[in-house]
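# An overview of the molecular structure
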Amino acid sequence: MKKRMRRLAAALMTLTLVTALACSAGAVTIDEAEKKADELEEQKKAAEEEKASLEDKLTSIIQQANETKQKLEEKEAEVEAVENELVQARNDADDQYESMKLRIKFMYEGGNTQMMETLMSSENMGDFLNKAEYISQLSEYDRNELIRYQNTVKAVEEKEAQVQAEYEELNDLQNQLIEQQAEVESLMEDNEAALADIQSQIDENSETLKELKEKAAEAERIRKQQQQRSSASSGSVIRQPGDNVVSGNGYFAHPCPGYSSQTSYFGEVRSFDPVPHKGNDYAASSGTPTYAAAAGRVTTAGWSNSAGNWVVINHGNGLVTKYMHHSYLCVSTGDYVEKGQQIGGVGTTGFSTGNHLHFQVELNGVAVNPDNYL
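Residues numbered from 1 in each chain as written. Predicted model: local features only at pLDDT ≥ 70, side-chain atom pairs only at ≥ 80, totals over all residues. Heavy atoms only, no water.

On to the overall build of the protein, then. Regarding its fold elements, the protein presents four helices and 10 strands. Secondary structure elements of the protein occur, N-terminal to C-terminal, as α-α-α-α-β-β-β-β-β-β-β-β-β-β. Out of the 374 residues in the protein, the part that is buried amounts to 33%. Sequence-distant contacts, at least 24 apart, represent 69% of the contacts inside the protein between residues at least 6 apart. Total accessible area on the protein is roughly 22300 Å²; 51% of this is exposed by carbon and sulfur atoms. (Helix = DSSP H or I, 4+ residues; strand = E, 2+ residues; numbered from the N terminus. Buried < 20%, exposed > 50% of the residue type's maximum accessible area, 1.4 Å probe, protein only. Contact = heavy atoms within 4.5 Å. Areas by Shrake-Rupley, 256 points an atom, 1.4 Å probe, with all protein chains shown as cover.)

What follows is the structure in structure tokens.
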């Protein structure tokens, strides 16, 4: 394609030189004018054939770009699902660790004295053997629990590796889509430039050429804007929290008492999302503080392609809260937070169309209505 473009450009330069020489020599004869017309028609025909070839290639690339976009959307959904699975695994590991600490504390505080007293209080040999078997089973149970905890930790680590691989694959798909868009725009610019040059020789219409250049400049500006948006980096900004704020009389404090309005409700089916909404959305200006609804352990605090800057808090007994789309965070993974402690500020990161806090409550891994706790 590029070689044909160069040959076309060389022919145009030759034609321009011949025309200039003829004009400088004097008036153009009818034969010379007809010859010039024939030459221009041949150039126009070549340009039209080139245009048809470009349109076919452009259609093919657009089709590939659409297919890549569909794959990208599917991959985003997969990443969101894996992230939620990873959070649940971390919550399970945290609960299991807390239970193990209680058992270990009992064993160290009681020591062997309680075991001996239990055995010595046996009424007969049968009672003694039964109690000894019970103590043995208790120790075996603790060892099994330790093994199960280690397996859970290993499973969490494998989930982390899987999520990392999903992110890398997603980034590769994004880069492919950007490259295909750039190639489409480059083909459009080349086609417009070739048509502009030929039309200028046929009609000597400078206004047409000017309009085409303006269109090319506008296309270039749009392309650069798209590249800038695509290459913008995402990440979590950590700030120092403000004072604790406990708002409301429910089991949970309100996570965003400074909100201006509630824009979405739990279970709501929206036009752009057929899946019922899993939480409440509270609209607020960017940076409005958000707070922990109750005390608990921060199992996730960082970046998610879907949730943006988000925080997940495990409150124990299967109760978990999620806070999404922050502009900045005030906590880190592993922190223990109090009820009403600031965890971040409202933003519009991730899959979001405006500044708001998405607040989600889950019981045993299933989303429930937050209003039941506020």
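That was the structure; now back to the text.
To continue, consider the pattern of salt bridges. The final tally for this structure, using the stated rule, is one salt bridge. Of the charged contacts in the structure, one is a salt bridge between E362 and K322, with a shortest N-O distance of 2.9 Å. With E362 in strand β9 (residues 356–363) and K322 in strand β6 (residues 319–329), the pair connects residues that are 40 residues apart, well separated along the chain. A single burial state applies to E362 and to K322, both of which are buried. (Salt bridge = Lys/Arg side-chain N within 4 Å of Asp/Glu carboxyl O.)

Side chains of nonpolar character tend, in soluble globular proteins, to be buried together. Core analysis: the biggest nonpolar cluster contains 23 residues, and F252, V311, I313 and Y323 have the highest contact counts within it. Elements that contribute at least two residues to this core include exactly β4 (296–304), β5 (308–316), β6, β8 (342–346) and β9. Beyond its immediate chain neighbours, meaning those up to four positions away, V311 contacts V298, T300, A301, T321, K322, Y323, L329, V331 and I343. In this structure, V87, A307, W310 and V320 belong to the second largest nonpolar core, which totals six residues. (Core = buried A, V, L, I, M, F, W, Y, C linked by side-chain atoms within 4.5 Å.)

Below, the discussion takes up empty space enclosed by the protein. This model, assessed by the stated rule, comprises two cavities of 30 Å³ or more. The space that makes up the second largest cavity amounts to roughly 30 Å³. Of all elements in the fold, only α2 (30–120) and α3 (125–203) reach the threshold of two or more residues within the lining of the second largest cavity. With four residues, α2 is the largest single contributor of residues to the lining of the second largest cavity. Here the lining of the second largest cavity is composed, by residue class, of four nonpolar, one polar and two charged. (1 Å grid on protein atoms, 1.4 Å probe; cavity = no way out; pocket = protein on both sides within 12 Å on 5 of 7 lines; lining within 4 Å. Points joined across faces, edges and corners; volume = space filled by probe spheres on them. Nonpolar A, V, L, I, M, F, W, Y, C, P; charged D, E, K, R; others polar.)

Examined against the element boundaries, S352 turns out to sit in the loop between β8 and β9. A polar side-chain atom of S352 sits 2.8 Å from a polar atom in the side chain of T348. At 2.9 Å, the side chain of S352 and the backbone oxygen of G354 are in polar contact. (Polar contact = N/O pair within 3.5 Å; in protein donor to acceptor, adjacent residues only side chain to side chain.)

Structurally, Q341 is set in the loop between β7 (336–337) and β8. Classification of Q341 as buried rests on a relative accessible area of 18%. Ignoring any residue separated from it by four or fewer positions in sequence, one finds Q341 in contact with N244, T290, Y291, A292, V331 and Y336.

Another aspect to go through is the environment of T68. Mapped onto the elements, T68 comes out in helix α2. The class for T68 is buried, based on a relative accessible area of 8%. For the pair T68 and L173, spaced 105 residues apart in sequence, the C-alpha separation works out to 7.0 Å.

Among the five residues of β8, five are classified as buried, and the element is accordingly described as predominantly covered. Bridge analysis of β6 against β8 gives three bridges, and the strand direction is antiparallel. Counted as the bridge partner of Y328 is G345 from β8. (Pairing = 2+ DSSP bridges.)

What follows deals with the packing of aromatic side chains. The full count for this structure, using the stated rule, is five aromatic pairs. With 5.3 Å between their ring centres and 45 degrees between their planes, Y323 and F359 make a pair best called tilted. Residue Y323 is found in strand β6, and its partner F359 is found in strand β9; the two are separated by 36 residues along the sequence. Under the relative-accessibility criterion, Y323 is labelled buried at 0%. Ring pairs connect the aromatic residues Y251, F252, Y323, F359 and Y373, which therefore count as one cluster. (Phe/Tyr/Trp six-rings, centres within 6.5 Å; stacked < 30°, edge-to-face > 60°.)

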